[in-house]
2 protein chains.
Amino acid sequence: MVKVAVLGYGTIGSGVVEVLNTSRDIVTRNAGTEVEVKYVLDLRDFPGDPVEKILVHDYARIVNDPEVDIIVEVMGGTHPAYEFVKDALLKGKNVCTSNKALVAEFGPELVKIAKEKSVNFLFEASVGGGIPIIRPILRSLNVDTFYEITGILNGTTNYILTKMYDEGGSFEEALKEAQALGYAEADPSADVDGFDAARKIAILSGLMYGKNLDFEQLSIEGIRHISKIDMDYAKFLGKKIKLLGITYNINGEIYTEVAPHMIGPENKLYNVDDVKNGIELKGNLLGDTMFYGAGAGKLPTASAVVSDIIDEAKHLHTNIPILWSDEPVILAERGRHKSKFFIRVDRNYDEIKNKFDLEQLVTLPDYQDEYAVVTAEMTFAEFYEKIGNKEHVRSIVQVK
Amino acid sequence: MVKVAVLGYGTIGSGVVEVLNTSRDIVTRNAGTEVEVKYVLDLRDFPGDPVEKILVHDYARIVNDPEVDIIVEVMGGTHPAYEFVKDALLKGKNVCTSNKALVAEFGPELVKIAKEKSVNFLFEASVGGGIPIIRPILRSLNVDTFYEITGILNGTTNYILTKMYDEGGSFEEALKEAQALGYAEADPSADVDGFDAARKIAILSGLMYGKNLDFEQLSIEGIRHISKIDMDYAKFLGKKIKLLGITYNINGEIYTEVAPHMIGPENKLYNVDDVKNGIELKGNLLGDTMFYGAGAGKLPTASAVVSDIIDEAKHLHTNIPILWSDEPVILAERGRHKSKFFIRVDRNYDEIKNKFDLEQLVTLPDYQDEYAVVTAEMTFAEFYEKIGNKEHVRSIVQVK
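Rules and cut-offs
Residues numbered from 1 in each chain as written. Chains lettered and ligands numbered in written order. Predicted model: local features only at pLDDT ≥ 70, side-chain atom pairs only at ≥ 80, totals over all residues. Helix = DSSP H or I, 4+ residues; strand = E, 2+ residues; numbered from the N terminus. Rg over C-alpha atoms; globule rule 2.2 N^0.38 Å. Buried ≥ 20, exposed ≤ 12 C-beta atoms within 10 Å, placed from the backbone. Contact = placed C-beta atoms within 7 Å. Pairing = 2+ DSSP bridges. Least-squares fit on C-alpha atoms with pLDDT ≥ 70 in both. Nonpolar A, V, L, I, M, F, W, Y, C, P; charged D, E, K, R; others polar. Domains from an automatic or database assignment. Arc of directions from axis to C-beta. Axes fitted to C-alpha atoms, helices over the stretch in contact; angles between N-to-C directions. Parallel < 35°, antiparallel > 145°, perpendicular 65-115°, else oblique. Left-handed = near helix turned anticlockwise from the far one by under 90°. Core = buried A, V, L, I, M, F, W, Y, C linked by C-beta atoms within 7 Å. pLDDT = per-residue confidence, 0-100.

### What about the overall build of chain A?
Part 1: Scanning chain A from N- to C-terminus turns up 14 helices and 17 strands.
Part 2: Since a compact globule built from 400 residues should have a radius of gyration of about 21 Å, the 23 Å found for chain A is in line with a globular shape.
Part 3: The principal-axis extent of the C-alpha atoms belonging to chain A is close to 75 × 45 × 30 Å.
Part 4: Looking at chain A as a whole, 52% of its 400 residues qualify as buried.
Part 5: Across chain A, the fraction of contacts at a sequence separation of at least 24, relative to all contacts at a separation of at least 6, is 73%.

### Thoughts on the sheet that holds strand β1 (residues 2-7) of chain B
The pairing of strands in a sheet happens through backbone hydrogen bonds and is either parallel or antiparallel.
All names here are of chain B.
Part 1: Overall, parallel pairing links the six strands, which are arranged β3-β2-β1-β4-β5-β6 in an open sheet. Taken across any chain shown, the strands that pair with only one partner, and hence form the sheet edges, are β3 (55-56) and β6 (121-122).
Part 2: Of the strand pairs in this sheet, β1 and strand β2 (residues 35-41) are connected by six bridges, and their pairing is parallel. The residue bridging K3 from the neighbouring strand is E36, located in β2.

### Looking at the relation of the copies chain A and chain B
Part 1: Placing chain A over chain B gives an RMSD of 0.0 Å and needs a rotation angle of 180°, together with 0.0 Å of translation along the axis. Seen this way, the second copy is the image of the first under a two-fold rotation axis. Among all C-alpha atoms of chain A, that of F291 of chain A lies closest to the rotation axis, at 2.4 Å.

### As for the interface of chain A and chain B
Part 1: In this assembly, 41 residues from chain A lie in contact with 41 residues from chain B.
Part 2: For the side of chain A that touches chain B, the secondary-structure elements that each account for two or more residues are α2 (24-31), α6 (134-140), β12 (287-294) and α12 (298-314) of chain A.
Part 3: Broken down by element, the side of chain A that touches chain B gets its largest block of residues, eight residues, from β12 of chain A.
Part 4: Taken together, the residues that form the side of chain A that touches chain B break down as 21 nonpolar, 13 polar and seven charged.
Part 5: In the sheet, β12 of chain A pairs with strand β12 (residues 287-294) of chain B via three bridges, with the strands oriented antiparallel. Looking across to β12 of chain B, one finds that M290 of chain A is bridged to Y292 of chain B.

### Some details on the domain arrangement of chain A
When the parts come together, some accessible area is lost, and that loss is often what is quoted as the size of the interface.
Residues and elements named next belong to chain A.
Part 1: Here chain A is partitioned into domain 1 (2-129 + 298-314), domain 2 (142-293) and domain 3 (334-399).
Part 2: Inter-centroid distance (C-alpha atoms) of domain 2 to domain 3 is 22 Å.
Part 3: On the side of domain 3, 16 residues touch domain 2, which itself brings 15 residues to the contact.
Part 4: The element best represented in the side of domain 2 that touches domain 3 is strand β10 (residues 253-263), accounting for six residues.
Part 5: Residues of the side of domain 2 that touches domain 3, tallied by class, amount to nine nonpolar, three polar and three charged.

### Observations regarding helix α4 (residues 81-90) of chain B
Residues and elements named next belong to chain B.
Part 1: Listing the buried residues of α4 in full gives A81, F84, V85, A88 and L89. All buried residues of α4 lie within an arc of 125° about the axis, which places them on one face of the element.
Part 2: Residues of α4 that are buried in the fold lie against β1, α3 (59-63), β4 (68-73), β5 (94-97), α5 (100-116) and β6.
Part 3: Taken from the residues just after α4, G92 is the one with a positive phi, measuring 85°.

### A closer look at the packing of helix α5 (residues 100-116) of chain A against helix α10 (residues 195-209) of chain A
Residues and elements named next belong to chain A.
Part 1: Two numbers describe how α5 lies on α10: the axes approach to 9 Å, and their chain directions differ by 45°. In terms of their interaxial angle, α5 and α10 are classed as oblique. The handedness of the crossing between α5 and α10 comes out as left-handed. Of the residues in α10, those in contact with K100, A101, V103, A104 and G107 of α5 are D196, R199, K200, A202, I203 and G206.
Part 2: Of the residues belonging to the contact of α5 with α10, the class tally is five nonpolar, two polar and four charged.

### Let's talk about unusual backbone geometry
Part 1: Cis geometry marks the peptide bond from H79 of chain A to P80 of chain A, where omega comes out at 10°.
Part 2: Positionally, P80 of chain A belongs in the loop between β4 (68-73) and α4 (81-90).
Part 3: We note that N251 of chain B has phi near 50°; this positive angle belongs to a residue other than glycine.
Part 4: Looking at the secondary structure, you find N251 of chain B in the loop between β9 (240-250) and β10 (253-263).
Part 5: Residues other than glycine seldom take positive phi values, yet D274 of chain B does so here, at roughly 55°.
Part 6: In this fold, D274 of chain B is placed in the loop between β10 and β11 (276-283).

### What to know about the nonpolar core
Part 1: Ranked by internal contacts, the top residues of the largest apolar core, which has 251 residues, are V16, V72 and V305 of chain A together with V16, V72 and V305 of chain B.
Part 2: When neighbours within four sequence positions are excluded, V72 of chain A is seen to be in contact with V4, A5, V6, L7, V16, C96, V305 and I309 of chain A.

### Notes on the packing of helix α1 (residues 11-22) of chain B against helix α12 (residues 298-314) of chain B
Residues and elements named next belong to chain B.
Part 1: As a packed pair, α1 and α12 sit with axes 8 Å apart at the nearest point and diverge in direction by 65°. With respect to each other, α1 and α12 are oriented roughly perpendicular. Of the two possible hands of crossing, α1 and α12 adopt the one that is right-handed. Residue-level inspection shows T11, I12, G15, V16, E18, V19 and L20 of α1 in contact with α12, the latter providing K298, L299, T301, A302, S303, V305 and V306.

### Some words on the environment of I54 of chain A
All names here are of chain A.
Part 1: Turning to its location among the elements, I54 is positioned in the loop between β2 (35-41) and β3 (55-56).
Part 2: For the pair formed by I54 and V40, sequence separation is 14 residues and the distance between their alpha carbons is 6.0 Å.
Part 3: Here I54 is in contact with V37, K38, Y39 and V40, once residues within four sequence places are set aside.

### Here we look at the sheet that holds β2 of chain A
Residue and element names in this part refer to chain A.
Part 1: Read from one edge to the other, the open sheet built from six strands follows the order β3-β2-β1-β4-β5-β6, with strand pairing classed as parallel. The open sheet has two edge strands with one neighbour each: β3 and β6 (121-122).
Part 2: As defined by bridge partners, β2 adjoins β3 across two bridges and the pair is classed as parallel. Bridge pairing in β3 links V40 to L55.

### Thoughts on the environment of N154 of chain B
Part 1: Tracing the backbone through its elements, the reader meets N154 of chain B in the loop between β7 (146-152) and α7 (155-167).
Part 2: Discounting residues that sit within four places of it in the chain, N154 of chain B has contacts with D191, D196, A197 and L243 of chain B.

### Regarding the confidence of the model for chain A
Part 1: On average, residues of chain A score 94 in pLDDT, and 100% of them reach the 70 mark or higher.
Part 2: This complex was scored by the predictor with a pTM of 0.90 and an ipTM of 0.86.

### Quick look at the environment of Y248 of chain A
Residue and element names in this part refer to chain A.
Part 1: By secondary structure assignment, the location of Y248 is in strand β9 (residues 240-250).
Part 2: Overall, Y248 belongs to the partly exposed group, with 19 C-beta atoms counted inside 10 Å.
Part 3: For the pair Y248 and T150, spaced 98 residues apart in sequence, the C-alpha to C-alpha distance is 8.3 Å.

Written out as structure tokens, the structure is:
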């Protein structure tokens, strides 16, 4: 019998308790032992909820109970999650979490403490929700040297962009709909400004390079500025707009960013729509591999957390190695990175179409006062030099 | 230091030796110990090849050498692979394999022996080549109850169908091209008649249900009968034709088959082209998940084999549990299974279009002497009853 404490009884926490109850047999069979939730920690009370009997408000009771083997941190946020998790690991307890903010900021440190204490710190649910991605990177694919990871890592923005594409509405309309459906927060900044995706690509990059990538170093561009007009051009060009987290390594030069991109149907992520996530890995042996699935949601995320609980139940006092040092990843200068660019410009401003090598020049009947171009591939440095002051430029989106 | 013997120095075997050599550092780091190839078994000699020095012709030397910890079976075929592997497990050695014929036929027995001997029998490379699929099913996703797996599991047939779609040629022409490129064997039956895909879906089904599915029980239909004309209709209907391995469980009724299907762009497998494989899993918690990648090829397959070697090097005397009993999966009668059907018929034979509930009725200018229909969904039993004698029927393909 393994005893678990769940920190936080929100969406994911209640999902974890539900899955452990409803899937009791399959969990026991896979863990090789019964798994029981001994405590749930939350500041709130839940009168009438079955969890009431095991609800505690005081973390010390949990961490000092020698019967607790595994602590499931699903509170979100970095404080006090970080203090709780660190304390638990130092006291020799296994921890698993779905908290990408925690993992992105403190992953290498917590992995190191777990190793020193011969316990485990696992975080499958922190990226890609229910999609198994962390474990495949660490285990199944541990022979490959990856040189690129590209992912649609945020379900909220993917929902908004899919709505805008399908229904032709504005960003604001699609955001309102996402909020009404519970896919977006009242304050949507973490999603729509790209920070959530940035944390996730920072975690994946960290594991890919075995080093620490501070997500605040990244170039991060969200989707607020993507307009109905941009989407109309994208459609005309046979493309969709997707918010991509990208990291790649060319001859030792590492580049990582989050930004909206126009991508065409030949791209494996083109069909990843609605709240779904998709993650593409490129390795030296394996070539291209893609994982697709539910990137968020109560039960998918809970199922990933419970897969970590099972792994920890089987390895209570054996550290499963994770190679993720705190040595920083050194990023190449952004200017050296290459892209194609979609640029929309005032009609009477010819300079843009004359200055760039163009792949396409487009005018749409609905937008008579402007034109758009898709440039050939060029470095960011060249691009910014050529585009100069952006007075007549209405929009810029990277193109894959 | 862990010592390995590789049985068979063909494409995969030489790939495994190559990967262990070229990725020595990353393998050592992940396995936590050095991995050395002590023997390669093959009937042939390889004069001048570096492997010459460690080549043996006599299996007894390998299996009786107490220094050998892991035996890598990449010979293919069931005999003597089965005898060698069983003997090795009984003698307390770990075994990993890429051999789907072996795993499909003897998987549960070999898994059981490994458990009894506290060693491991792993077979990640037997399905999906380099795509991590066995491990995610067993581990990451071990909380879900799956109710469906659908996959493009055979790269050769997918290449042929992609060629026919892209270039409008016949099956025979595309097969010749696949043979010229080394994607298809001189005797292509195992691929084009669906047996390879059947073995793979039998393995996946077995793991999904935790029971043994004898692949010879399955309904297996290959792609030899798919013509340029079928492909032209598929295109007109906005669909592609893909050879799918399918297993699903509806209220305890299990159905498994391999057959070509017309699928549309809303299907996640629609964009899985050329020699690539794609596998879709549907689980009660996770919803839909899809894995995409290189389903065959020397280095992708070798990388999956080496990931098993690493796992075994870390668990030399600890069995990693695999729930796969020899209790047989009981399949539901085929007649109860439902599908839509594409039927091509002689123009003057009206009976078909009058007898079925139709979703579509199509005539193409190039084929004036026939018409085609897509029926509504119906059971196979109803379908066979209605279609009667098939004298005027030119082609039947399932439609998703």
